[in-house]
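# What the coordinates show
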Amino acid sequence: MELGLSTTGDKTLDEAVRLWLQYDKNPKTVALVQDLVKEGAVEALKKCFSSRMEFGTAGLRAAMGPGISCMNDLTIIQTTQGFCCYLEESFGNLKERGVVIGYDARAHPVSGGSSKRFASLAAAVFISRGVPVYLFSDITPTPFVVYWENGAQIVSPHDKGISKAIEENLKPWPESWKTEEALKKPLLKDPFQDIHTQYFKAIQKHCHHREINKSSEVKIVHTSVHGVGHTFVQSAFKAFDLHPPYAVEEQKDPDPEFPTVKYPNPEEGEGVLTLSFALAEKEGATVVLANDPDADRLAIAEKQKSGQWRVFSGNELGALLGWWIFRCWKEQNSDAAAVKNLYMLSSTVSSKILRAIALKEGFHFEETLTGFKWMGNRASDLLDQGKTVLFAFEEAIGYMCSPSVLDKDGVSAAAIAGEMISYLATKNTSLSQQLSTIYEEYGYHISKNSYFICHDQEVIRSLFERLRNYTGQKDSYPKECGRFSISAVRDLTTGYDSNQPDNKAILPTSSSSQMITFTFSNGGVATMRTSGTEPKIKYYTELCAAPGNSDVTRLKKELDELVDAIVENFFEPQKNKLLPKPE
């Protein structure tokens, strides 16, 4: 079939489009591709067909739309076929065990794609191979759906194995499109009610102050930002005997268009919370909780005495929840030796506050690579060894407050935060005051994170290579940055770590992404890394002060100056034509 694209001289593109039109049975995506072909929109076609979606820090991620680089009926079928073949190879008893499939409320009417539709297609693929499918009959938060057999997200080598199997199974199997027939088969089961009951029973292990919760006067507002969180957070509060939070009416029902926000991610801070603040003012509430659309993250804001709202960073919430969960554990465990069996985890770009608490309290703290897949799998290993994993978090507002879910979970985190807020209220203490108390006791940890945008891979590569060969020799990293002296360097791209006796990093390394961490003599830590899914060079900086050093203004100034030095000396934004993060 001639596509009228010969002007590009790009045979690969022609072939990719030809195959697509041969395989795709969704009239909407077929029409979108045919229109682009008619218009000769070569650049748009390249964007859709240049590269298949790749595994990032949390599975496959892409926008919905036509082509192999987007989420749509065909790429979901291809992915599931590959995944199915990989599972058949990995588990001899797959037909006894089956798979679990969940979905949220996201949709893209233009291309006919939706989370629910994709779930049905994935179910059809597995059922066509005789594999039992536990397909949730309604939207669920991501934490309800476990990943690999240990309940944590997949890590290497599974991602490589699945990718290879996808490439080997691109042609849709005849049964893969037949969702209506598949959904009538006895192999299809609905785990919704069962998991719902088990989940809310499991999280009650983390409810320690039921009497306080029952009588609490604290008013809390909750928004699910047009996602799936509303009913689940209401149920979680009920499971803890907390008064139900006030729901932001305009945002409580799932809506894939997210009509009231520019970007439905509470990580973006205040813009997403405007309606929540208005409701809080109206009801006299002092705290706002917000979930992202699939309810695995949690943001919190608190009204200050000045009347202004303070949105806590992911690191600050990590400090509060970590302190609270350890405090509750300590109240229940009088045996001093038991603390040696306790672990808390955070990702390497998150605050080191848990390390400071662990040093003083005697439990173990470990860092993992960025992403909950690493923390979930490490938690799974520790649990297998009979250890207790109390808490794990990452600065991107992700919290694992219960080992029942080996992933970030915004629903249990919301209920546990509700109990902490209610408890603090009995002491006339706010979250902000408690955070200061934590910092006074364990040392102030002040962080500043941002990023630059850069679309040129060569610029990114040479920027990092310059840091590795700073004096012109290999592995000669900088010894200072402006007036700040560097005491240690860890490079997880090459596996170098100056802190280890053999200079070899303990954490897994990956040559496909850039990541260097500098430790400074003044207690500063800075990590520069590339993003797996976006054209960004991110930086994460933190000043970890010793307990007693509590001149916050001076510490903030010191961190600002450190960040300025890193930007000027290591990023060189003018020379490298880097675009700053848009305000």
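Cut-off values and rules
- Residues numbered from 1 in each chain as written.
- Predicted model: local features only at pLDDT ≥ 70, side-chain atom pairs only at ≥ 80, totals over all residues.
- Heavy atoms only, no water.
- Helix = DSSP H or I, 4+ residues; strand = E, 2+ residues; numbered from the N terminus.
- Rg over C-alpha atoms; globule rule 2.2 N^0.38 Å.
- Buried < 20%, exposed > 50% of the residue type's maximum accessible area, 1.4 Å probe, protein only.
- Contact = heavy atoms within 4.5 Å.
- Areas by Shrake-Rupley, 256 points an atom, 1.4 Å probe, with all protein chains shown as cover.
- Salt bridge = Lys/Arg side-chain N within 4 Å of Asp/Glu carboxyl O.
- Pairing = 2+ DSSP bridges.
- Right-handed = clockwise from strand over helix to strand, strands pointing away.
- Domains from an automatic or database assignment.
- Buried area = accessible area lost by both parts, 1.4 Å probe.
- Nonpolar A, V, L, I, M, F, W, Y, C, P; charged D, E, K, R; others polar.
- UniProt positions renumbered as here; feature names shortened; annotations may be inferred.
- Axes fitted to C-alpha atoms, helices over the stretch in contact; angles between N-to-C directions.
- Parallel < 35°, antiparallel > 145°, perpendicular 65-115°, else oblique.
- Left-handed = near helix turned anticlockwise from the far one by under 90°.
- Core = buried A, V, L, I, M, F, W, Y, C linked by side-chain atoms within 4.5 Å.
- Polar contact = N/O pair within 3.5 Å; in protein donor to acceptor, adjacent residues only side chain to side chain.
- Phe/Tyr/Trp six-rings, centres within 6.5 Å; stacked < 30°, edge-to-face > 60°.
- Lys NZ or Arg CZ within 6 Å of the ring centre and 35° of its normal.

### Re the overall build of the protein chain
- Tallying secondary structure elements over the protein chain gives 20 helices and 24 strands in all.
- For the protein chain, the C-alpha radius of gyration of 25 Å lies close to 25 Å, the compact-globule estimate for 583 residues.
- A burial count over the protein chain gives 55% of its 583 residues as buried.
- Considering only intrachain contacts with a sequence separation of at least 6, the fraction spanning at least 24 residues in the protein chain is 68%.
- Counting every atom, the protein chain has about 26,200 Å² of accessible surface; 51% of that belongs to carbon and sulfur.

### A look at the pattern of salt bridges
- By the definition in use, this model includes 37 salt bridges.
- Between Lys-160 and Asp-159 there is a salt bridge; the shortest N-O distance is 3.8 Å.
- Residue class for Lys-160 comes out exposed when judged on its relative accessible area of 55%.
- The network of salt bridges with common partners includes Arg-483, Lys-557, Glu-558 and Glu-561.

### Some points on the pairing of strand β13 (residues 342–347)
- Of all six residues in β13, six are buried, a share of seventy percent or more.
- On β13, burial covers both faces: Leu-342, Met-344 and Ser-346 on one face and Tyr-343, Leu-345 and Ser-347 on the other are all buried.
- Where β13 meets strand β15 (residues 388–394), five bridges bridge the pair, whose relative direction is parallel. Residue pairing for β15: Leu-345 is matched across the bridge by Ala-392.
- By the bridge criterion, five bridges tie β13 to strand β14 (residues 364–368) in an arrangement that is parallel. Following the sheet pairing, Met-344 is matched in β14 by Phe-365.
- Running through helix α14 (residues 353–361), the crossover from β13 to the neighbouring parallel element β14 is right-handed.

### As for the domain arrangement of the protein chain
- According to the domain assignment, the protein chain contains domain 1 (11–189), domain 2 (197–442) and domain 3 (444–580).
- One C-alpha centre belongs to domain 1, the other to domain 2, and the line joining them spans 32 Å.
- Carbon and sulfur atoms make up 63% of the area that domain 1 and domain 2 hide from each other, which totals about 2,000 Å².
- At the boundary of domain 1 and domain 2, one finds one salt bridge.
- Class assignment of the residues belonging to the side of domain 1 that touches domain 2 gives a composition of eleven nonpolar, seven polar and three charged.

### As for the UniProt feature "domain: Alpha-D-phosphohexomutase alpha/beta/alpha" (unreviewed entry) in the protein chain
- Under the present numbering, the feature "domain: Alpha-D-phosphohexomutase alpha/beta/alpha" (unreviewed entry) in UniProt falls on residues 53–147, 198–304 and 314–442.
- Helix makes up 54% of residues 314–442 and strand 16%, and the two end C-alpha atoms of the span are 18 Å apart.

### Looking at the packing of helix α4 (residues 73–90) against helix α7 (residues 158–167)
- Between α4 and α7, the shortest axis-to-axis distance is 7 Å and the interhelical angle comes to 120°. Viewed along their axes, α4 and α7 adopt a mutual orientation that is oblique. As α4 runs across α7, the sense of the crossing is right-handed. Note on element contacts: α7 touches α4 through His-158, Gly-161, Ile-162, Ala-165 and Ile-166, opposite Gln-78, Thr-79, Gly-82, Phe-83 and Tyr-86.
- The class makeup of the residues in the contact of α4 with α7 is five nonpolar, five polar and no charged.

### Focus on the nonpolar core
- Counting residues in hydrophobic clusters, the biggest one holds 163 residues, and the most contacted among them are Phe-391, Tyr-399 and Phe-571.
- Not counting chain neighbours up to four residues away, the residues in contact with Phe-391 comprise Gly-318, Leu-321, Gly-322, Ile-325, Tyr-343, Met-344, Leu-345, Leu-354, Tyr-399, Met-400 and Cys-401.
- Met-375, Ala-379, Leu-382 and Leu-406 belong to the second largest nonpolar core, which has eleven residues in total.

### Examining the packing of α14 against helix α17 (residues 431–442)
- Two elements in contact, α14 and α17, have axes separated by 10 Å at closest approach and are oriented at 60°. On the basis of their axis angle, the class for α14 and α17 is oblique. Judged by the sense of rotation from one axis to the other, the crossing of α14 with α17 is left-handed. Across the interface between the two elements, Ile-353, Ala-356, Ile-357, Lys-360 and Glu-361 from α14 touch Ile-438, Tyr-439, Glu-441 and Tyr-442 from α17.
- Along the lines of polarity and charge, the residues of the contact of α14 with α17 split into six nonpolar, no polar and three charged.

### What to know about the side chain of Ser-347
- With respect to the element layout, Ser-347 can be found in strand β13.
- On the accessibility criterion, Ser-347 (1% relative accessible area) is buried.
- Polar contacts involving the side chain of Ser-347 include one to the side chain of Ser-350, which spans 2.7 Å.
- Excluding residues that lie within four positions of it along the chain, Ser-347 makes contacts with Thr-368, Leu-369, Thr-370, Gly-371, Met-375, Phe-393 and Glu-394.

### Remarks on the pairing of strand β11 (residues 298–303)
- In terms of residue burial, β11 counts as a mostly covered element, since five of its six residues are buried.
- As judged from the five bridges shared by strand β10 (residues 287–291) and β11, these two strands associate in the antiparallel manner. Directly across from Asn-291, in β11, lies its bridge partner Leu-298.
- Sheet topology places β11 next to strand β12 (residues 309–311); three bridges connect them, and they run antiparallel. Note on β12: the bridge partner recorded for Lys-303 is Trp-309.
- The antiparallel hairpin formed by β11 and β12 contains five residues in its connecting segment, where Gly-307 sits at a positive phi of about 95°.

### Quick look at the packing of aromatic side chains
- Evaluated as defined, the whole model comprises 25 aromatic pairs.
- Ring centres of Phe-144 and Tyr-199 lie 4.7 Å apart, and the angle between their planes is 40°; this geometry places the pair in the tilted category. Note that Phe-144 is positioned in the loop between β6 (133–135) and α7 and Tyr-199 in helix α9 (residues 192–203), a separation of 55 residues in sequence.
- Under the relative-accessibility criterion, Phe-144 is labelled buried at 6%.
- Overall, Tyr-199 belongs to the buried group, its relative accessible area being 6%.
- Taking the centre distance of 5.9 Å and the plane angle of 45° together, the rings of Trp-323 and Trp-324 count as tilted.
- On the basis of relative accessibility, which here comes to 0%, the residue Trp-324 falls in the buried class.
- One Lys or Arg, Arg-129, reaches over the ring of Trp-173 and ends 4.2 Å from the middle of that ring.
- When the ring centre of Tyr-451 is taken as reference, the NZ or CZ atom of Lys-536 above it lies at 4.1 Å.

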